[in-house]
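Chain by chain, the residues run as shown.
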Amino acid sequence: MNPYQQYQENQVMTAPPERLVLMLYEGALRFLRLAKNAVKEKNYADANNYIVKVEDIIMELNMSLDMNYELSKNLRSLYNFIYEKLIEANVKKDLSKLEEVEGLLEGLKEAWQEAYVEVIKAKKTAL
């Protein structure tokens, strides 16, 4: 394992759960943008691979929800919607569906980022 891979692994293994969710959103957006570029270049094999990676991340986020909260039920519906759009985008190599998903993921990431900042502030205050 090269030093960069080791660093990345250490980041994931030591990150608090709140940070891991943020990292998943960031990864999904990174792969989604790669998929969009691959579709634009008509490199459909790469587009498929990247879209499947985004689908996997969305499924991970979906399965990790604590369904004891109303927010989780709403997120589950949104993740299911995103997953369906990704499947449609992959089948049709539809750039507009990828852009729709990108907008949704950007919004989720920004909201989570704000919540994460508040969690950090609360933890510092508690100390």
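In this convention, every chain numbers its residues from 1, walking through the sequence in written order. Totals for whole chains, interfaces and linings use every residue, but because this is a predicted model, local features are given only for residues with pLDDT of at least 70 and side-chain atom pairs only at 80 or more, for both listing and counting. For side-chain calculations, the full set of non-hydrogen atoms in the structure is used, while hydrogens and water are omitted.

*Asks:* For this particular structure, what's the right way to read the confidence of the model for the protein?
*Replies:* Residues shown with low pLDDT carry predicted positions that ought not to be read at fine detail. The predictor reports its confidence for every residue as pLDDT, a score running from 0 up to 100. Residues of the protein with pLDDT of at least 70 account for 94%, and the chain-wide mean is 92. Secondary structure elements are defined from DSSP: runs of H or I of at least 4 residues count as helices, runs of E of at least 2 residues count as strands, and each element is numbered from the N terminus. At the level of individual helices and strands, the protein shows its lowest average pLDDT in helix H1 (residues 3–14), which scores 67, and its highest in helix H3 (residues 44–63), which scores 98.

*Asks:* How do you make sense of unusual backbone geometry when you look at a structure like this?
*Replies:* The phi angle at Lys42 is positive, at roughly 60°, despite the residue not being glycine. Tracing the backbone shows Lys42 in the loop between helix H2 (17–40) and H3. Buried residues are those whose accessible area, probed at 1.4 Å on protein chains only, stays under 20% of the maximum for their type, while exposed residues exceed 50% and partly exposed ones sit between those limits. A relative accessible area of 60% means that Lys42 is categorised as exposed. A positive phi angle, close to 50°, is found at Lys93, a residue other than glycine. Mapped onto the elements of the fold, Lys93 is located in the loop between helix H4 (70–92) and helix H5 (95–126).

*Asks:* Explain the nonpolar core here, please?
*Replies:* One recurring pattern in soluble globular proteins is that nonpolar side chains are buried together. Residues belong to a common nonpolar core when they are buried Ala, Val, Leu, Ile, Met, Phe, Trp, Tyr or Cys residues joined through side-chain atoms within 4.5 Å. Grouped together as the largest cluster of nonpolar side chains are 25 residues, with contacts concentrated most on Val54, Ile58, Tyr79, Leu86, Leu98 and Leu105. Those elements that place two or more of their residues in this core are H2, H3, H4 and H5. In terms of residues, this core owes the most to one element, H2, which gives 9 residues. Contacts of Leu105, omitting those with residues within four sequence positions, involve Tyr25, Ala28, Leu29, Leu32, Val54, Ile58 and Ile82. Contacts are assigned to residue pairs with any non-hydrogen atoms lying within 4.5 Å of each other.

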